[in-house]
Amino acid sequence: MMQVAMQQRLCVMLAFQTMIASGKKTNAPGVATLIIKLAQHMNEFCNRYVREAFPPGTMNFVDDKGAAKLDEAIDQHIRELKTKEQTHLPEDRETLIQLYDRLQQRKSRRMQWEFYATAKEDKLADLILKYLDEEIEDIEGGARQ
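Chemist: What exactly am I supposed to notice about the layout of surface pockets here?
Modeler: Remark: the empty space left among the atoms is shown by a probe the size of a water molecule rolled over them. There is about 440 Å³ of room inside the second largest pocket. For the lining of the second largest pocket, the secondary-structure elements that each account for two or more residues are helix 4 (93-118) and helix 5 (121-140). With 6 residues, helix 5 is the single largest residue contributor to the lining of the second largest pocket. Considered class by class, the residues forming the lining of the second largest pocket number 7 nonpolar, 1 polar and 1 charged.

As structure tokens, then:
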């Protein structure tokens with residue numbers, strides 16, 4: 001829900017900027033209505049074409065050991081929820097943690113797919129170095145073995 005609101009807000013800001021760039025006075029009568037209509041068109045365009053331009057399936061990710069098996073189990077639970085509106089989750093803690101962790105990974109990847117599609121190599125390299133430094137700090141700080 002938050003992501004949708006951010007997208008709409010961004011479209012309003014871009015529409016506002018477009019009006020300024022085209023020489024319109026933003027405080028003139030009727031301009032706010034034009035900005036809102038343009039923002040709605042921008043939002044509709046993004047909803048229709050951004051996923052087409054950067055489909056998540058084109059992203060190749062590192063496959064964690066056992067991820068395919070977890071994905072299969074998750075997909076089965078999704079099918080059951082869609083068709084029967086219920087599913088039976090495993091009862092053991094380890095499997096529940098694995099399913100939860102994998103679902104978090106999948107959600108994170110869905111949220112990041114556009115970044116992955118458009119990020120330049122130098123930006124990715126900078127972020128990797130940042131996270132490697134954080135890993136070192138965590139290891140040295142005893143946060144992780």
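Still more ground to cover, so stick around.
Chemist: I'm lost on unusual backbone geometry in this one. Help?
Modeler: Glycine aside, negative phi is the norm for most residues, and most peptide bonds take the trans geometry. Located in the positive-phi region is Glu85, a residue other than glycine, with phi close to 60°. You can see Glu85 is positioned in the loop between helix 3 (67-84) and helix 4. Overall, the relative accessible area of 70% leaves Glu85 in the exposed class.

Thresholds applied
- Residues numbered from 1 in each chain as written.
- Predicted model: local features only at pLDDT ≥ 70, side-chain atom pairs only at ≥ 80, totals over all residues.
- Heavy atoms only, no water.
- 1 Å grid on protein atoms, 1.4 Å probe; cavity = no way out; pocket = protein on both sides within 12 Å on 5 of 7 lines; lining within 4 Å.
- Points joined across faces, edges and corners; volume = space filled by probe spheres on them.
- Helix = DSSP H or I, 4+ residues; strand = E, 2+ residues; numbered from the N terminus.
- Nonpolar A, V, L, I, M, F, W, Y, C, P; charged D, E, K, R; others polar.
- Buried < 20%, exposed > 50% of the residue type's maximum accessible area, 1.4 Å probe, protein only.

Coordinates in, geometry out; function isn't part of it.
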